[in-house]
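Examination of the molecular architecture
Residue strings, one per chain:
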Amino acid sequence: MATTKKMATGNMKAMWALLLTVIVVTALAPTAAAGQFKKPVYYQSDGNVWGIVAADFNHDGILDLAFTDLYQVGIMLGKRDGTFEAARYFGAPNALRLAVGDFNGDHNLDLAVVESAGTGNSSLGIFLGDGQGNFKSAGTYELGVESTSLAVADFNGDGRLDVAVTSRLGYGKNGYVGSILVFFGKGDGTFGKPDTYWLGGQPYAVAAGDFNRDGHPDLAVVQFGGRSVSIFINDGNGKFTHTRTYKCGGEGDYVAIADLRHDGKLDLIISAGGAGEIAVLLGNGDGTFGNASFYTTEPLGQGPQGVAIADFRGGNRDIAVVLSNGYPGLFYGNGDGTFQPAVHITGVDYRGYALTAGDFKKGGRPDLAVVAISKGIAVLINAQ
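Residues numbered from 1 in each chain as written. Predicted model: local features only at pLDDT ≥ 70, side-chain atom pairs only at ≥ 80, totals over all residues. Heavy atoms only, no water.

Once that is clear, we can look at the overall build of the chain. When you go through the chain residue by residue, the secondary structure sums to one helix and 28 strands. Restricting to contacts in the chain with at least 6 residues of sequence separation, those with at least 24 account for 46%. Total accessible area on the chain is roughly 16000 Å²; 52% of this is exposed by carbon and sulfur atoms. (Helix = DSSP H or I, 4+ residues; strand = E, 2+ residues; numbered from the N terminus. Contact = heavy atoms within 4.5 Å. Areas by Shrake-Rupley, 256 points an atom, 1.4 Å probe, with all protein chains shown as cover.)

Right, here's the structure in full:
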């Protein structure tokens, strides 16, 4: 009898231990998966960072970082251990967003920078790299009111990189309708007068990709006011036709392009900041897309801003996101174009506007550089 009672007591303890384990695991689930990153290393910036990109600016095979920092652009050269040198700066008035490309054909990476003037006319600044991480201005081009985003590609197939830029409220001093401006590169670091495509709904974010698989880069343009994304198909000579517009939830802040299903068809990932969600539109491979699927950022906070697409744990592409009023996090991909609920990236508890992914330490898995307001730039090395 005593033995039976003792066994029952032991079984009860085991059951409670198992139940407690289940409760603890359940409580940790929203953050446990994202614990794949090591403790972040912070690099202080002079001001609030709005845009950031990763590229090898000095030909050493190690990724560097370039970021916009109010009235300047900062360059942080990478080291082989995944850390970075202190930032060096060059002037770029009202620098907001930036993109990378070799605009003068010297095999050194250059920078195109949107210099936003708020409610006044913005400008596009071109800065040529010397291959050692230094840059000099090669020209400034007038944009419309409230330009916020740009994309680099060879749109007309002449072997020279071009730049597409959004202007939220139009081009020129009296522009009130939004537009997309396409500047064609001359191959020497300069650009001609842009082609202008008018678009209502306040075009805010732009990205380039070959949506119909004809070998020519097309454009996806997110309309902030229209809460939609418009597709512009390239005719192969750099001329674009607005073909379709799709609803994407709230005001769109950023658009990324990736093949989420491993089927050779490009898909769209849009941060709908006003709605507190991420919109995913799966491509059909012919220039059209399906209806948006939405993934809430509520566990992280509100106002998703920049997104970065990468395979962080092996197998499928995931979405990393940073929020203007919340924490950075991950949506792990299932490989079929769907995603698991958002998880918080632990250790980075600061809001921000941008992030970028890259293998900074040459560890075989992508790492993250996350803009954290008041803390500068947080670099997280992938632990997997």
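After presenting the structure, the write-up continues.
The subject of this paragraph is the environment of Leu 323. With respect to the helices and strands, Leu 323 occurs in strand S23 (residues 318-326). Using a relative accessible area of 0% as the deciding quantity, one classes Leu 323 as buried. Taking C-alpha positions, Leu 323 is 9.8 Å from Val 371, a pair spaced 48 residues apart along the chain. Leu 323 has contacts with Thr 297, Leu 300, Gly 301, Gln 302, Gly 303, Pro 304, Gln 305, Arg 351 and Gly 352, leaving out every residue within four places of it along the chain. (Buried < 20%, exposed > 50% of the residue type's maximum accessible area, 1.4 Å probe, protein only.)

On to the environment of Lys 136, then. Here Lys 136 shows up in strand S9 (residues 135-145). For Lys 136, a relative accessible area of 60% puts it in the exposed group. Measuring from C-alpha to C-alpha, the distance between Lys 136 and Leu 111 comes to 9.7 Å, with 25 residues separating the pair along the chain. Residues in contact with Lys 136, not counting those within four places in the same chain, are Ile 126, Phe 127 and Leu 128.

Pairing in this open sheet of four strands is antiparallel, and the strands run S1-S28-S27-S26 from one edge to the other. Looking along the sheet, the strands with just one partner apiece sit at the ends: strand S1 (41-43) and strand S26 (355-358). Going from strand to strand, the sheet's axes swing by 20 degrees on average, the running direction of each strand aside. One ladder, built from four bridges, connects S26 with strand S27 (residues 367-372); its direction is antiparallel. Among the inter-strand pairings, Gly 358 is bridged to a residue of S27, identified as Asp 367. (Pairing = 2+ DSSP bridges. Axes fitted to C-alpha atoms, helices over the stretch in contact; angles between N-to-C directions.)

Reading across from one edge, S14-S15-S16-S17 is the order of the four strands in this open sheet, with antiparallel pairing throughout. Of all strands in the sheet, those with a lone pairing partner are strand S14 (203-209) and strand S17 (240-247), marking the two edges. The sheet shows a mean angle of 20 degrees between the axes of neighbouring strands, taken without regard to direction. Of the pairings in the sheet, the one linking strand S16 (residues 228-234) to S17 comprises seven bridges and is antiparallel in character. Of the residues in S17, the one forming a bridge with Ser 230 is Thr 245.

Scanning all chains against the criterion turns up 20 aromatic pairs. Ring geometry for Phe 211 versus Phe 289: centroids 5.4 Å apart, planes at 80 degrees, classification edge-to-face. Pair noted here: Phe 211 is in the loop between S14 and strand S15 (218-223) and Phe 289 is in the loop between strand S20 (277-281) and strand S21 (293-296), with a separation of 78 residues, a long-range link. Each member of the pair, Phe 211 as well as Phe 289, carries the same accessibility label: buried. Put simply, the rings of Phe 57, Phe 90, Phe 127 and Phe 135 touch in pairs and so form one group of aromatic residues. Here the basic side chain of Arg 168 rests over the ring of Phe 224, its NZ or CZ set 4.2 Å away from the ring centre. (Phe/Tyr/Trp six-rings, centres within 6.5 Å; stacked < 30°, edge-to-face > 60°. Lys NZ or Arg CZ within 6 Å of the ring centre and 35° of its normal.)

With that settled, consider the pairing of strand S4 (residues 72-76). Across the five residues of S4, five count as buried, placing the element largely inside the fold. Side chains Gln 72, Gly 74 and Met 76 project from S4 onto one buried face, and the interleaved Val 73 and Ile 75 project onto a second face that is buried too. As defined by bridge partners, strand S3 (residues 64-69) adjoins S4 across four bridges and the pair is classed as antiparallel. Within S4, the position partnered with Ala 66 by the bridge is Ile 75. The turn linking S3 back onto S4 is made up of two residues, and Leu 70 within it adopts a positive phi angle of 65 degrees.

Here we take up the confidence of the model for the chain. Interpretation of the predicted coordinates at a detailed level should be avoided for regions scoring low in pLDDT. Here the chain averages 88 in pLDDT, while 89% of its residues score no lower than 70. The secondary structure element of the chain with the lowest average pLDDT is helix H1 (residues 2-32), at 37, and the one with the highest is S16, at 97. (pLDDT = per-residue confidence, 0-100.)

A few words now on unusual backbone geometry. Its identity is not glycine, yet Asn 94 carries a phi of approximately 55 degrees, on the positive side. Take Asn 94: it is sitting in the loop between strand S5 (88-91) and strand S6 (95-101). Under the relative-accessibility criterion, Asn 94 is labelled partly exposed at 33%. Backbone geometry places His 262, a non-glycine residue, at a positive phi of 60 degrees. Relative to the helices and strands, His 262 resides in the loop between strand S18 (252-258) and strand S19 (267-272).

Moving on, we get to the side chain of Ser 324. Take Ser 324: it is sitting in strand S23. Side chain to side chain, Ser 324 and Gln 305 meet in a polar contact 3.5 Å long. Those residues within four positions of Ser 324 in sequence are excluded, and the remaining contacts are Gln 302, Gly 303, Gln 305, Arg 351, Gly 352 and Tyr 353. (Polar contact = N/O pair within 3.5 Å; in protein donor to acceptor, adjacent residues only side chain to side chain.)

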